[in-house]
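What follows is the residue order along each chain.
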Amino acid sequence: MITKGMILGLIAGLIVTLFDGLYMLVPRIYVPTSYPFLLIGFNLIFWMIVGSCLGLLMRIYACNKRDFREKEPFYWVLFFLLPFTLMYG
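Residues numbered from 1 in each chain as written. Predicted model: local features only at pLDDT ≥ 70, side-chain atom pairs only at ≥ 80, totals over all residues. Heavy atoms only, no water.

**Notes on the environment of I40**
- With respect to the element layout, I40 can be found in helix α2 (residues 35–62).
- For the pair I40 and D20, spaced 20 residues apart in the sequence, the C-alpha separation amounts to 9.6 Å. (Helix = DSSP H or I, 4+ residues; strand = E, 2+ residues; numbered from the N terminus.)

**Remarks on the nonpolar core**
- One finds A12, W47, M58, F68, Y75, F80 and F84 to be the most contacted residues of the largest nonpolar core, which totals 13 residues.
- Those elements that place two or more of their residues in this core are α1 (2–21), α2 and α3 (68–88).
- Ranked by residues supplied to this core, first place goes to α3 with six residues.
- Ignoring sequence-local partners within four residues, the contact set of Y75 consists of M58, Y61, A62, K65, F68 and F80. (Core = buried A, V, L, I, M, F, W, Y, C linked by side-chain atoms within 4.5 Å. Buried < 20%, exposed > 50% of the residue type's maximum accessible area, 1.4 Å probe, protein only. Contact = heavy atoms within 4.5 Å.)

Now the structure itself:
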């Protein structure tokens, strides 16, 4: 669960970096040269840590349930996609 959460966090970090990086394409806005590297580093590390923590919370909550394997996508939406949307949106 923690590894899946870390992978989802990596994907979320790349998506957030892409959307934040699109602001650099706006003309007449000065962007320091170190900003893209800081943006990539921060987003990837932050969202991987968040994904790992959310995977751990999901494991604590739902791992002992009998129907966990059938409802695993639902739990990932509940424990990762919903908090990601609320934090980023």
